[in-house]
Every structure is written in structure tokens, then in C-alpha cells.
Amino acid sequence: MTDRILIVDFGSQVTQLIARRVRESGVYSEIHPFNKVTEDTIRAFDPKGVILSGGPASVADIDTPRAPDGLWTMGLPVLGICYGEQTMCAQLGGSVQESHHREFGRAYVDVVDDCDLFHGVWAVGAREQVWMSHGDKIDAIPEGFRPVATTDGSPFAAIANDAKRFYGVQFHPEVVHTPHGAQLLSNFTHRVCGCSGDWTMAHFKTQAIDAVRAQVGDGKVICGLSGGVDSSVVAVLLHEAIGDQLTCVFVDHGFMRLDEPEEVVCLFRDHYNIPLVHRDASDVFLAAIENQTDPERKRKAIGGLFIDVFEEEAKRIGGADFLAQGTLYPDVIESVSFIGGPSVTIKSHHNVGGLPERMNMKLVEPLRELFKDEVRALGRELGLPEAFVGRHPFPGPGLAIRIPGQPVTRDKLDVLRKADAIYREEITNAGLYDAIWQAFAVLLPVQTVGVMGDARTYDYACALRAVTSTDGMTADFFHFDMEFLARVSNRIINEVKGINRVTFDVTSKPPGTIEWE
């Protein structure tokens, strides 16, 4: 069995980063909300160690989250981070009080003693940068612990109980603002917990294929194929596992990027020889949002119609026992938040708009343990072309929500497709594609006066959007040089009939969103 680390979530905004850092070191980890973790669930999970996350509560208050009392006598290594360190101290006989000296953002710790957590990373006497975010302060540590790092505001910025293999840090090693944080976490998982670091995508692929075969048996599976990374990886993985028991259904709503439908059909029907139903429903979808300018109504109309068309095609192929979808681990985490959010089932069904209930099928979700970057790694392991594995995110409603504040027409879609293709081509030619999280063009509901060939024009303006991000939750605009923007603008205006002005969006998220609608 693969070594695993259990992460107990107390509600920190960066708990997901702990799991990502642990997995990056080759150790499988899962996040479980504190109110779902008991001694029995810990034993059932069988971790090599436990990490307690940060959180917004105050340990000094009554009825705030705690780790299971039995955790401290199970013989497992434990690392407490921020709130996790504080509850460790409070539960084991130390003391935590509200502090008048809060620490938020960049701070510097003084390393005052050595421990396995610091081995080969921090030396005694060094001053190291970390990232803090806490208002309470530990003012007494439990018996058996010793301080190993301090700050002016935190005399117990890091503590160690070597005999019991309990460690606590007041700072956040999981964030990039703690430069050596990943190495500290790796020391905990490998040196303290004894994990081998053998969790790889090749290993996961084998496990996932075995799990799919065990779940599906000789049943039939249908997979809604969008052409995006998640559904593409699901389709190829399932085909490797169950072969012709899988049928993919590709509903082309007419809002895809230039040549994208042909690329999807070619890859899955011709290259992989996966049974594929291709339904061109562009006329139906376009009619459904005719004259619709409200973005929410537009999205709901497209989503609802997609379900109807998908259901029609599923019935034509004789139905199926299972529906495959690309639920990812962040979906699962968000659906079972530490305060007890909606169930995983509700979240999973939301991904396909309630389709499982209507079609009476069971779900197959082989990616539900993976983050987005891990899905890309699995795609490479499965041999998917880089053009599919590394492509930028693309919204379900497609280009329909990139024509804001105006009726969506076939002519406008064609104009936008051409502008968007030129923009992405120039990004690729400049070697910038992989440095950008997402890039696209937006056709604005504005016509402007221009002059071309000594003649007056009155055409549309378009906006170019490009952002950098790690998870899409926050983003900053990509800082192109002006020569690049000038080249793209010149090509679009000269090659795309219908656009005579180009702008660049320099809004971050927040306050803006990545998409315009």
C-alpha cells in the first residue's frame, strides 16, 4: 500500500497547498475536515503521519475545533501548522492566549535549536524568511517540547517533541512566501514519518485502471467529452481500462474555438479509436440564446440544453450503466468544507447539472483524487498530445460568454474565433503559452469609428485577456511587452473583418473575474 499522510482541515484558506506540497514530494495525501476525523477514521485511513492545518478560529475560545484526543496516543508523527500548532499545545497541556502583537505576512524566524524538521534546511543561528498569519500566541508549551525557532512576536514559532515525533510551526510552510517550506514539509513526511516518496503518476495510473475495472465490471460507460483537459484524460484512461465498454459523447454547441471540434473528433475517433458520438447541435444552441444578453440566463440556457442533447444521444446508443465525469479533488474538498458543506454527491451531480438522477446511472470519477496539475501529469503518462494536456482552461459555455452584453450571432462568433486564434497563435509563437494560465479575446458590445484605406469604418472593438495564476482563485494580468501587443493588434485589425480596435485588460482577480461573464 502506498504511504499516505492525513491532513486535518481546520478551515485555512491554504489547506489545499499543504496537500499539493506533500504530493509534490511523492507522498499521497488527503484533506479531511476536522469534524469528520475520529480515531476510527484515522485508523481506517492508516496514515504514516498527520498534519493539522491552520484555521480562522481562536483556540482560546470555547467550542472551537480540536484534533481527536486519541490522536496523541496513536504513535503517529504529527505536524501542527499555525492553528494546528496552537491546538496541539492547548490539548497537550500548554497555553494559548490572544496576542497584542499579531503577525501577518512576511516575517523572519531565528533558528535556536536543531530538529529533524530542519535537517539539511535550516542551521542553528540562521535567520529565515517565513509567512505568518495569526493573532493568538502560544505562551507555554507542553511538557516534552522545546522551542526550535522564535520571532519577536512568537517565542514558540517552531517547537519539537522528538520522542513523540510531534512538531509545530506558527508559520505556514505550504505557501511560496516561506522559501524553504516545501523542504520542511518533505523532512516531516520523509525523515520523521519515514515515507518512501513512491507515489507517482505511473503508480496512480495503474491503481486507477484497476479501480475502474473493479467498479464497472462488464457494464457500459458513457463520457461527456468537451475537449478540455479533464474530460480528455478521463476518456483515455477509461478506454485503456475497459476498451469498447466506453462510448464518448461530444456535443458541439457551436461555441468552441477555431477548429476545436475537428481536433477533438480526430484525436478520439481516429487516433485513439475510441467509440465517439459527435452531435453538431450548434443551430439548436444558438437559437436557445438568441437575443439573450444576461450572462446567468445565458449560462443556464446552455447548460440545460446540453443536458437535453446529451440525454438524447445516450438513449440512441442504448443507455449505459455508468456516467464518467472529470470531478477533481478541489471539487471534493470544497463540497465537504470544514464547516460541513454540501455532500460530495451534490457537488458531483452539479458538475453535470443533475444528469445522473435523470438517467439513473452510477458515477465513475477516476480523477477525484487529483489536482489540476496532477491531471495534466496523468495525461502525459497516458500519452495525450501536449496540445491537449497543456491547453488553457475553457469555460463550458465557450465563446458565448465572451460576447458580453449583446446577442450572440453566428457572424459575431466567427469574428471572435478568428481574433482569438490570432492572439493564441502569437502567444505560442512568442514561447509564452505555458507561462500564462489563460488567454483569450472578448468581442465587446461597442462599435468604434476607424479609418482603413482612407475609408471610414464602424466596427467592433475587442479586448485581449491574459492572466497568471496557480489555481484560478486569484490572478494577475500577464505583463506583455508593448511590441507584442502592437503586433497582435495589427494582425487582428488587418486580418479580421469586423474589428477595428483592440484593447488589453489589465484587471486582476479580485476585483475582476478572469472571464468577463
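**With respect to the overall build of the protein chain**
Part 1: Scanning the protein chain from N- to C-terminus turns up 16 helices and 18 strands.
Part 2: Relative to the 2.2 N^0.38 estimate, which gives 24 Å for 517 residues, the radius of gyration of the protein chain is 26 Å and therefore close to what a compact globule would have.
Part 3: With respect to the three principal axes, the spread of C-alpha positions in the protein chain is 80 × 60 × 40 Å.
Part 4: A total of 517 residues make up the protein chain; the buried ones form 55% of that total.

**Some remarks on the pairing of strand S1 (residues 4–9)**
Part 1: Among the six residues in S1, six count as buried, and that is most of the element.
Part 2: Neither face of S1 is open: one carries Arg 4, Leu 6 and Val 8, the other Ile 5, Ile 7 and Asp 9, and all of them are buried.
Part 3: The sheet contact formed by S1 and strand S2 (residues 28–33) spans six bridges and is parallel. Bridge assignment links Asp 9 to a residue of S2, and that residue is Pro 33.

**Let's talk about the packing of aromatic side chains**
Part 1: Going through the model one piece at a time under the given rule, you end up with 16 aromatic pairs.
Part 2: When the centroid spacing of 5.2 Å and the interplanar angle of 50° are considered together, the rings of Phe 10 and Tyr 83 count as tilted. Taken together, the residues Phe 10 in the loop between S1 and helix H1 (15–24) and Tyr 83 in helix H3 (residues 83–91) connect sequence positions 73 residues apart. You'll find Phe 10 and Tyr 83 in the same group, each marked buried.
Part 3: Ring geometry for Trp 199 versus Phe 204: centroids 6.3 Å apart, planes at 75°, classification edge-to-face.
Part 4: Looking at Phe 204, the relative accessible area reads 3%, which means it is buried.
Part 5: For Arg 391, the ring lying beneath its charged end belongs to Phe 388, and the centroid distance is 4.4 Å.
Part 6: The ring of Phe 440 carries Arg 402 above its face, with NZ or CZ at 3.9 Å from the centroid.

**Details of the pattern of salt bridges**
Part 1: Summed over the entire model, instances satisfying the criterion amount to 29 salt bridges.
Part 2: Put simply, Arg 21 and Glu 24 hold a salt bridge, and the shortest N to O gap is 3.3 Å. Pair noted here: Arg 21 and Glu 24 are both in helix H1, with a separation of three residues, about one helical turn.
Part 3: A salt bridge links Arg 146 to Asp 162; its shortest N-O distance comes to 2.8 Å. Highlighted residues: Arg 146 in strand S7 (residues 146–150) and Asp 162 in the loop between strand S8 (158–161) and strand S9 (166–169), separated in sequence by 16 residues.

**Re the nonpolar core**
Part 1: Judged by nonpolar contacts, the single largest core of 45 residues is most densely connected at Phe 255, Phe 285, Tyr 423, Ile 427, Phe 480, Ile 492 and Ile 499.
Part 2: Elements that contribute at least two residues to this core include exactly strand S11 (246–252), helix H8 (282–288), helix H9 (295–316), helix H15 (410–429), strand S15 (438–452), strand S16 (455–468) and helix H16 (482–495).
Part 3: Here this core takes seven residues from H15, the largest share from any one element.
Part 4: The contact partners of Phe 285, leaving out residues within four places of it in the chain, are Val 251, His 253, Phe 255, Ile 302, Leu 305, Phe 306 and Val 309.
Part 5: Listed in part, the 43 residues of the second largest apolar core include Val 229, Leu 267, Phe 322 and Phe 388.

**Observations concerning the sheet that holds strand S14 (residues 362–364)**
Part 1: With parallel pairing, the five strands of this open sheet are ordered in space as S12-S11-S10-S13-S14. Single-partner strands in this sheet number two, and they are strand S12 (276–280) and S14. Here the strands of the sheet are splayed against their neighbours by 25° on average, with no regard to which way each runs.
Part 2: The sheet contact formed by S11 and S12 spans five bridges and is parallel. Each bridged residue has a counterpart across the sheet, and for Asp 252 the counterpart in S12 is Asp 280.
Part 3: Where helix H6 (residues 229–242) meets the sheet, its contacts fall on strand S10 (221–224), S11, strand S13 (322–324) and S14, and the angle it forms with S10 comes to roughly 160°.

**Describing the confidence of the model for the protein chain**
Part 1: In this model, the protein chain carries a mean pLDDT of 88, and residues with pLDDT of at least 70 account for 93%.
Part 2: Of the regions scoring below 50 in pLDDT, residues 337–354 engages in 38 contacts with residues more than four places distant in sequence or in other chains.

**Brief notes about H1**
Part 1: The buried fraction of H1 is high, at seven of 10 residues.
Part 2: Listed as buried for H1 are Thr 15, Ile 18, Ala 19, Arg 20, Arg 21, Val 22 and Arg 23.
Part 3: Looking one or two places after H1, you find Gly 26, whose phi comes out positive at around 85°.

**A closer look at the side chain of Thr 189**
Part 1: Within the secondary structure, Thr 189 sits in helix H4 (residues 181–192).
Part 2: Taking the relative accessible area as the measure of exposure, Thr 189 reaches 0% and is therefore buried.
Part 3: From its side chain, Thr 189 meets the backbone oxygen of Ser 186 in a polar contact 3.1 Å long.
Part 4: Those residues within four positions of Thr 189 in sequence are excluded, and the remaining contacts are Ile 5, Val 22, Ser 25, Val 27, Gly 194 and Cys 195.

**Here's the deal with the side chain of Arg 21**
Part 1: For Arg 21, a relative accessible area of 16% corresponds to the buried category.
Part 2: Separated by 3.1 Å, the side chain of Arg 21 and the backbone oxygen of Glu 174 make a polar contact.
Part 3: Apart from residues no more than four positions distant in its own chain, Arg 21 is found in contact with Glu 174, Val 176, Ala 182 and Leu 185.

**A closer look at the pairing of S15**
Part 1: Direction of pairing for S15 relative to S16: antiparallel, over a ladder of 12 bridges. Counterpart to Gln 438 in the pairing with S16 is Val 467.
Part 2: The turn joining S15 and S16, which pair antiparallel and follow one another in sequence, is formed by two residues; a positive phi near 60° is taken by Gly 453.

The rules behind these values
- Residues numbered from 1 in each chain as written.
- Predicted model: local features only at pLDDT ≥ 70, side-chain atom pairs only at ≥ 80, totals over all residues.
- Heavy atoms only, no water.
- Helix = DSSP H or I, 4+ residues; strand = E, 2+ residues; numbered from the N terminus.
- Rg over C-alpha atoms; globule rule 2.2 N^0.38 Å.
- Buried < 20%, exposed > 50% of the residue type's maximum accessible area, 1.4 Å probe, protein only.
- Pairing = 2+ DSSP bridges.
- Phe/Tyr/Trp six-rings, centres within 6.5 Å; stacked < 30°, edge-to-face > 60°.
- Lys NZ or Arg CZ within 6 Å of the ring centre and 35° of its normal.
- Salt bridge = Lys/Arg side-chain N within 4 Å of Asp/Glu carboxyl O.
- Core = buried A, V, L, I, M, F, W, Y, C linked by side-chain atoms within 4.5 Å.
- Contact = heavy atoms within 4.5 Å.
- Axes fitted to C-alpha atoms, helices over the stretch in contact; angles between N-to-C directions.
- pLDDT = per-residue confidence, 0-100.
- Polar contact = N/O pair within 3.5 Å; in protein donor to acceptor, adjacent residues only side chain to side chain.

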